[in-house]
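As a plain string of letters, each chain reads:
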Amino acid sequence: MEIVMRELMLGNKAVARGMYEAGCKVISSYPGTPSTEITEEAAKYDEIYCEWAPNEKVALEAAHGATLGGVRAACAMKHVGLNVAADPLFTISYQGLNAGLVICVADDPGMHSSQNEQDSRHYAFAAKVPMLEPADSEESRLFVKEAYEISEKYNTPVFIKMCTRVAHSQSVVCPEERVEPAQVPYVKDPTKVMMTKNSRDAHVRVEQRTLDLIQYAETSGINRIEECAEGSLVNGKKIGVITSSTSYQYTKEVFGDKVSVLKLGMVYPLPEKLIKDFAQGKDEIYVIEELDPIIENHCKQLGIQVHGKDTFPICGEFSQNLIKKCMGMEEPEYTTIDAQIPGRPPVMCAGCPHRGIFYILHKKKIMVYGDIGCYTLGAVAPLNAMDLNVCMGASCSGLHGFNKAMGEAGESNSVGVIGDSTFMHSGMTGITDISYNMSNSTVIILDNSITGMTGHQQNPTTGKNLRGEPAGKVDLEALCRALGFNRVRVVDPYDLAAVETAVTEELAAKELQKAEFRALQAQINPHFLYNSLSVINWMAIRSNQREISKVTLSLSMFYRTALSKGQDMVTVDNCIQNIKAYLDIQLVMHDNDFQVIWDIDPEVKGDIVPKLLLQPVVENALEHGLDMKEEGEKILKLFFVKDGEDVLLAVEDNGPGMEQEEADKLVTYKASGYGLKNVNDRMQLLYGMEYGIKVFSQIDQGTRVEMRIPREKADEEAVAAGEFSAKKFLQEPEEDTEDTTGMKGGKSEEKK
């Protein structure tokens, strides 16, 4: 038999002990003060598999998956992490489990290490998930064990709600032996697929479960009444206090046994009859609870008049002296110092690699969209570099929105700053938004290869797991490239000159132009394919086999030359073949009612040009030129000739023409398909604003569209391989953009 002595434990350590004793087998969490020690302490037990997940959503999903596998599981997070985990939480509440699941959430009244002061009890009400709230370390241990019993009896996850003072205070715990339930076999259950009827039926079960849990709250003893000493009065009145968690401790220290106390251990669902019975015979009822009036509102819904937020503040932590002050009681004497003492906010550690980055950003007066982590200290003196932060990952997606609003003025003077762990948590989706929706945004990943602010935990980029053992490692540079970033630059943050150069160059880079070029190429309207196939079908009906063969071969040639093995640039000869195939099909579609005249200079056939440059122009000439001509011969002329240092490509039709003023607008009109504006934009993105399309037109004379492109010959090997690039105009920086000479722990990575 195991003999265990009583022990002084942190609340978080006691939670871990309760998980161990209850036979928990799997814990998946994301570190966040004040919850971090729960998982770290649990990892000291060999019987429990523990891991740091990339974020709280993943942690809850992994823990839930373990329960489906038949073992008791848990996850832990801080209050803002529950926002991230909310998506699976609500559905898991409906779906149920196969073994017990405990979700530990630690609130932070007073915001000692958090960006807000939200009250997690709202999630219990919204998701209809029972929540237990211990008031000391021993209750933390016992409530966890009770939570597993509730979870399995009522087929529901159960919250254990901690707060900073309970999590980080020590009190006596009486450890017990571990009792490990047998693993529950997995059985396929179609009702666990949450859709339509299954979800509706599940909601009915959840509502009934809540009613059953109210009865548990009434009778189980987890909520208890402590009557005052006989004849005890406060301010001449018989007082009753309804409270929970640390507020219970403060209440007992302030009033002793002078007031009756209803100490709530389960804060969702709340009892009804128990509260009504407690209120009987009391002159006044006070609800003492930190943050929102959850218990107070419940009492008022029951028709009980209580004092709550009319007496106690809704913001911040409570204390013994605050309760005395609010109740009009005498406060203990204390001494104040009138001298003006300078504030001493926390600062980054001596030698921290983040310091250099923020020094340069402040020096250059750059707008810095920050994130959540120790680098948030870049906002305070002496660095004073960070403009704002919101939540995990917002530096990336928020910067994208900022630059969409500000345009080039924002893009050239703003950066997002995010740590390696935070990037894996929520930054990946943010930079995906940047690459997918194309803002010219610069993101700096501060990679110190650890999760710093919560106490140096491992993360997916460090190559070690929670216990410090070798694990899989995410390559940040490769990941960013895979998410669509072509400029990925690694800089040693201790080399301030290199940092300043990198920041200056990346903010000046016009990476968006290349992204737009690739996107413009992708806008080819598929209607031509559909029309061509329609023609083939029509001809098949008429059984004209030779014409069908001709159109099919032309269509094959068109797409072969259009796709050009995925190359962006092609030879003029390839361009001619593409247009010829296109016109062969159009001649069949038009019953050969127009004539094509070619003017080709053999010397330019080997020059390279952007692919699919002429097809939209030829299509416009047919649709808006020749097709509109009602009388006379229809003629289309195409020119591929040398003009000094340029190649001149031109398309001329003898259609009805237009006023020159109207023709000038064609290159600025944004059509729904792949019109002249897109062609003009492509050319200017590639070659500069001095190049592009010129349109000349006269009424009853026709229209001529000209394009000039700087001459560049493709070498023979490229011609043979079909591989070309506009080397002169899309050249990447020649210098090596990666510097891996810095310390691993001091590496900073700039993603653009």
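Residues numbered from 1 in each chain as written. Predicted model: local features only at pLDDT ≥ 70, side-chain atom pairs only at ≥ 80, totals over all residues. Heavy atoms only, no water.

Before going further, it helps to spend a moment on the sheet that holds strand S22 (residues 646-653). Taken in spatial order, the 5 strands of this open sheet run S19-S21-S22-S24-S23, and their pairing is mixed. Edge positions in the open sheet fall to strand S19 (595-600) and strand S23 (692-698), since each of these has one partner strand only. Pairs of neighbouring strands in the sheet enclose a mean axial angle of 15 degrees, with direction left out of account. As paired elements, S22 and strand S24 (residues 702-710) share 8 bridges and run antiparallel to each other. Bridge assignment links Val651 to a residue of S24, and that residue is Val705. (Pairing = 2+ DSSP bridges. Helix = DSSP H or I, 4+ residues; strand = E, 2+ residues; numbered from the N terminus. Axes fitted to C-alpha atoms, helices over the stretch in contact; angles between N-to-C directions.)

For the structure shown, the criterion picks out 40 salt bridges. Residues Glu706 and Arg704 are paired through a salt bridge, measuring 2.7 Å at the closest nitrogen-oxygen approach. The same class applies to Glu706 and to Arg704, which are both buried. Several salt bridges share partner residues, and in doing so they unite Arg17, Glu21, Glu138, Arg141, Lys145 and Glu176 into one network. (Salt bridge = Lys/Arg side-chain N within 4 Å of Asp/Glu carboxyl O. Buried < 20%, exposed > 50% of the residue type's maximum accessible area, 1.4 Å probe, protein only.)

Here we take up the sheet that holds strand S6 (residues 131-132). The mixed open sheet is built from 7 strands, whose spatial order is S3-S2-S4-S5-S7-S6-S12. The sheet is open, and its two borders are formed by strand S3 (49-52) and strand S12 (266-268), each paired with just one other strand. Of the pairings in the sheet, the one linking S6 to S12 comprises 2 bridges and is antiparallel in character. Its bridge partner being in S12, Met131 is matched across the sheet by Tyr268. Contacting strand S2 (26-29), S3, strand S4 (73-78) and strand S5 (101-107), helix H3 (residues 56-68) crosses the sheet at an angle of about 165 degrees to S4. Sheet strands touched by helix H6 (residues 137-154): S4, S5, S6, strand S7 (158-163) and S12. Its angle to S7, the strand with the most contacts, is close to 160 degrees. (Contact = heavy atoms within 4.5 Å.)

By the secondary structure assignment, Ala621 is in helix H23 (residues 615-624). Given the relative accessible area of 5%, Ala621 is considered buried. Considered as a pair, Ala621 and Asp653 are 32 residues apart in the sequence and their alpha carbons are 6.2 Å apart. Not counting residues within four places of it along the chain, the set of residues in contact with Ala621 comprises Leu626, Leu636, Val651 and Asp653.

Looking now at helix H25 (residues 676-687). Compared with an ideal rise of 1.5 Å per residue, which puts 12 residues at 16 Å, H25 spans 16 Å between its outermost C-alpha atoms and is within 8% of the ideal. A large share of H25 lies buried, amounting to 9 of its 12 residues. Taken as a whole, H25 has its buried residues at Leu676, Asn678, Val679, Asn680, Arg682, Met683, Leu685, Leu686 and Tyr687. Gly688 sits one or two residues past H25 and shows a positive phi near 110 degrees. (Expected span 1.5 Å × (residues − 1).)

Right, let's get into the packing of helix H14 (residues 394-406) against helix H16 (residues 420-437). Relative to each other, H14 and H16 sit at 30 degrees, their axes nearing to 7 Å. Judged on the interaxial angle alone, H16 and H14 are roughly parallel. Contact with H14, carried on its side by Cys396, Ser397, His400 and Lys404, involves Gly427, Gly430, Ile431, Asp433, Ile434 and Asn437 of H16 and no other residues of that element. Here the contact of H14 with H16 is composed, by residue class, of 3 nonpolar, 5 polar and 2 charged. (Parallel < 35°, antiparallel > 145°, perpendicular 65-115°, else oblique. Nonpolar A, V, L, I, M, F, W, Y, C, P; charged D, E, K, R; others polar.)

Moving on to the packing of aromatic side chains. Enumeration according to the criterion identifies 7 aromatic pairs in this entry. Residues Tyr154 and Tyr216 carry aromatic rings whose centres are separated by 6.3 Å and whose planes lie at 70 degrees to one another, so their mutual orientation is edge-to-face. Of the two residues, Tyr154 sits in helix H6 while Tyr216 sits in helix H8 (residues 196-219), which places them 62 residues apart along the sequence. Accessibility classification places Tyr154 together with Tyr216 in one group, the buried group. Centre to centre, the rings of Tyr687 and Tyr691 are 6.1 Å apart; their planes meet at 65 degrees, and the pair counts as edge-to-face. Assigned by exposure class, Tyr687 and Tyr691 land together as buried. Taken together, the ring pairs in this structure connect Tyr286, Phe312 and Phe318 into an aromatic cluster. Positioned over the ring face of Tyr248 is Lys263, at 5.8 Å from the centre of the ring. The cationic tip of Arg704 hangs over the ring face of Phe639; the distance from NZ or CZ to the ring centre is 4.7 Å. (Phe/Tyr/Trp six-rings, centres within 6.5 Å; stacked < 30°, edge-to-face > 60°. Lys NZ or Arg CZ within 6 Å of the ring centre and 35° of its normal.)

Moving on, we come to helix H9 (residues 245-255). Counting buried positions over the 11 residues of H9 gives 8, a clear majority of the element. Along H9, the positions that sit buried rather than exposed are Ser245, Thr246, Ser247, Tyr248, Tyr250, Thr251, Val254 and Phe255.

What follows deals with the confidence of the model for the protein chain. Of all residues in the protein chain, 87% attain a pLDDT of 70 or more, and the chain-wide mean is 88. Ignoring residues within four places in sequence, the model shows residues 725-752, a span with pLDDT below 50, making 96 contacts including any to other chains. (pLDDT = per-residue confidence, 0-100.)

What follows deals with the nonpolar core. Core analysis: the biggest nonpolar cluster contains 41 residues, and Leu583, Val618, Leu636, Phe640, Ile693 and Met707 have the highest contact counts within it. Sorting the residues of this core by element identifies strand S18 (569-571), helix H22 (572-589), H23, strand S21 (635-643), S22, H25, S23 and S24 as the ones contributing at least two each. Counting residues per element, this core draws most heavily on H22, which supplies 8 residues. The contacts of Ile693, once residues within four sequence positions are left out, are Val667, Leu676, Val679, Asn680, Met683, Val705, Glu706 and Met707. Grouped together as the second largest cluster of nonpolar side chains are 38 residues, Trp52, Ala74, Ile160 and Met266 included. (Core = buried A, V, L, I, M, F, W, Y, C linked by side-chain atoms within 4.5 Å.)

On the surface, Glu659, Glu661, Glu662 and Asp664 cluster together into a patch of negative charge. By the secondary structure assignment, Asp664 is in helix H24 (residues 660-664). (Patch = residues over 30% accessible without salt bridge, like charges linked within 9 Å, V, L, I, M, F, W, Y side chains within 5 Å. Areas by Shrake-Rupley, 256 points an atom, 1.4 Å probe, with all protein chains shown as cover. Lys, Arg positive; Asp, Glu negative; His and termini not counted. Charge placed at Lys NZ, Arg CZ, Asp CG, Glu CD.)

The buried fraction of S7 amounts to 6 of the 6 residues, a majority that puts the element mostly inside the structure. The two faces of S7 match: Val158, Ile160 and Met162 on one face and Phe159, Lys161 and Cys163 on the other face are all buried. Note: S5 against S7, 6 bridges, orientation parallel. Pairing of Asp107 across the sheet is with Cys163, part of S7. In this sheet, S7 lies alongside S6 in parallel orientation, the contact comprising 2 bridges. Within S7, the position partnered with Met131 by the bridge is Phe159. After leaving S6, the chain enters H6 and then returns to the sheet as S7, a path that is right-handed. (Right-handed = clockwise from strand over helix to strand, strands pointing away.)

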